[in-house]
Amino acid sequence: MITFLVALFALIVGFFVYGSLIEKFFKPTDRPTPAITKKDGVDFVPLPTWKVFLIQLLNIAGLGPIFGALGGALWGPVVYFWIVIGTIFAGGVHDYLAGMMSLREGGKSITEIVGNELGDTILTVMRVFLVVLMVLVGTVFLTGPAMLIAKLTASPLMPWLAAILIYYFLATLLPIDTVIARLYPLFGAALIIMAVGIMGGMLLGVGGHTMPEMQLANLYPSDDPLPIWPLMFITVACGAISGFHSTQSPLMARCLKSERLARPVFYGAMVMEGLIALIWAAAGVTFFESTGGLAAALKAGGPGGAVYDICVGFMGSGVGVTLAMLGVVACPITSGDTALRAARLILADWFKLEQVSMSNRLKLAIPLLVIAGILTQIDFNVIWRYFSWMNQTLAMMILWTGAVYLHRTRPNSSAYLISLIPALFMSVVTCTYILQAKEGFELATSITYPAGIVFALICLATCIKTRFQQPLHH
């Protein structure tokens, strides 16, 4: 219990201390934001700060801080360390950079910002990469909740897939304050209440469960334990850092009324997600007594079944079941719809199609939804594995972009280090993972570990040579 409370306290302190430091590097001003200067009633819509925060939280949360945290907990309470360090020094920085760069660049999508900083070649690569990733996000966050609803209601899968797809179509197409701004605050509040309820149950010892203390040992339940590095860092994903967030921050950058609200919204939402992930990771090893018990529960009922059992065990069959349904059904849906919305906006920026007219929105929304619907017929586990790696690879690319941006805008400052250091770390993680994982090249660790370090150094050298010495001018 003590190490859990220390980790919880560290996340809160990180928001106030390190978050304030990051904010100082950007020096927010009172200049009009894109929500004011480009107000169009569709995507650029000024919204109340509390509503923007809850929408941002739901946009970035999805299955990550719940399913990802439970998966990361298989290595034991050591996962607390990554959630805390990753959230404060990598994830929060990543999300704040993406949001602030978009605010300063007129609400541009993250692809256009990367192109400005890293050049036209990277811009083209990023456009394709991100549209593919957003469609994959939409697909996994369409299939996952549909499968769970079908299981809980003992009904066929296809009608639920169709129903969620129709909702996605409306949320992708309609003005942001028509559907998203109305529903998300309710779902966001439910996500927070669920996490607080579970934390209360653990701290009060409901059911006689005892919270384990953090240790750095690898407790993966296997005779041949999977290595912590780099697998745990990819598995937890959204609970510490996630590239997907960089596609969502610009959506809310188009709704913020002031630059000074960026830290509570972007950095703050990431810290809140870290808190939620910490609670769920702790719940996994606490409720099922050990990593072996958690592994057995995941194998028997999948992560959805484990979430259901935890909610009922700590909060009862009434409130617990209701919140479990909201958590594992509504949360992924509220990330899937904005993922496809982000894909529409990326394509709109790419092909310079204004999005005020319904016809232009239909031209982009219909193909995206059709492709996502087709991909639901592919094995869910295969899509999820590649999504996870692409997600963290994107985070790496955005952190490199942030380092270049800070070096260009503050050339006589060391501000760029706040992004460059986690960029180096994530470069090692993503390269090592794809070389080592089953869905990658399955190479021996004697090759993958040094290769990851070499790749990170190559990224650093390339960044210094091509951009740090010759920053782009806008």
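Cut-offs used in this document
Residues numbered from 1 in each chain as written. Predicted model: local features only at pLDDT ≥ 70, side-chain atom pairs only at ≥ 80, totals over all residues. Heavy atoms only, no water. Phe/Tyr/Trp six-rings, centres within 6.5 Å; stacked < 30°, edge-to-face > 60°. Helix = DSSP H or I, 4+ residues; strand = E, 2+ residues; numbered from the N terminus. Buried < 20%, exposed > 50% of the residue type's maximum accessible area, 1.4 Å probe, protein only. Contact = heavy atoms within 4.5 Å. Expected span 1.5 Å × (residues − 1). Core = buried A, V, L, I, M, F, W, Y, C linked by side-chain atoms within 4.5 Å. Axes fitted to C-alpha atoms, helices over the stretch in contact; angles between N-to-C directions. Parallel < 35°, antiparallel > 145°, perpendicular 65-115°, else oblique. Nonpolar A, V, L, I, M, F, W, Y, C, P; charged D, E, K, R; others polar.

With that settled, the discussion passes to the packing of aromatic side chains. When we look at a pair of aromatic rings, we describe it by the centre distance and by the angle of the planes. One pass over the structure, following the stated rule, counts 15 aromatic pairs. Ring plane angle 70° and centroid distance 6.3 Å describe the contact between Phe4 and Tyr80, whose orientation is recorded as edge-to-face. Note that Phe4 is positioned in helix 1 (residues 2-26) and Tyr80 in helix 5 (residues 79-104), a separation of 76 residues in sequence. For the pair formed by Phe4 and Tyr80, the shared burial category is buried. Judged by centre distance (5.6 Å) and plane angle (35°), the ring pair of Trp82 and Phe425 falls under tilted. With Trp82 in helix 5 and Phe425 in helix 17 (residues 417-436), this pair connects stretches of sequence that are 343 residues apart. On the basis of relative accessible area, Trp82 is assigned to the buried category, the value being 5%.

What follows covers the environment of Ala237. If you trace the backbone, Ala237 turns up in the loop between helix 10 (228-236) and helix 11 (244-253). What makes Ala237 buried here is its relative accessible area of 9%. The sequence separation of Ala237 and Ser388 amounts to 151 residues, and the corresponding C-alpha distance is 7.3 Å. Every residue in contact with Ala237, bar those within four places of it in the chain, is listed here: Ser242, Asn391 and Gln392.

Quick look at helix 5 now. Relative to the 38 Å expected for 26 residues at 1.5 Å per residue, helix 5 spans 35 Å between its end C-alpha atoms, a close match to the ideal helical length. Of all 26 residues that make up helix 5, 22 are buried, and the element is covered over most of its length. Just past helix 5, the residue Gly106 takes up positive phi, approximately 75°.

Counting 151 residues, the largest nonpolar core has Phe4, Met134, Ile198 and Trp280 as its most contacted members. Tallying contributions element by element places helix 12 (residues 262-287) first for this core, with 16 residues. The residues touching Ile198, leaving out its near neighbours within four places in the chain, are Ile279, Trp280, Ala283, Ile310, Cys311, Phe314 and Met315.

Running from amino to carboxyl end, helix 4 (residues 64-72) crosses helix 10 at an angle of 160°, the nearest separation of the two axes being 7 Å. Taken as axis vectors, helix 4 and helix 10 run roughly antiparallel relative to one another. Across from Gly64, Gly68, Gly71 and Gly72 in helix 4, the residues of helix 10 making contact are Met232, Thr235 and Val236. By residue class, the composition of the contact of helix 4 with helix 10 is 2 nonpolar, 5 polar and no charged.

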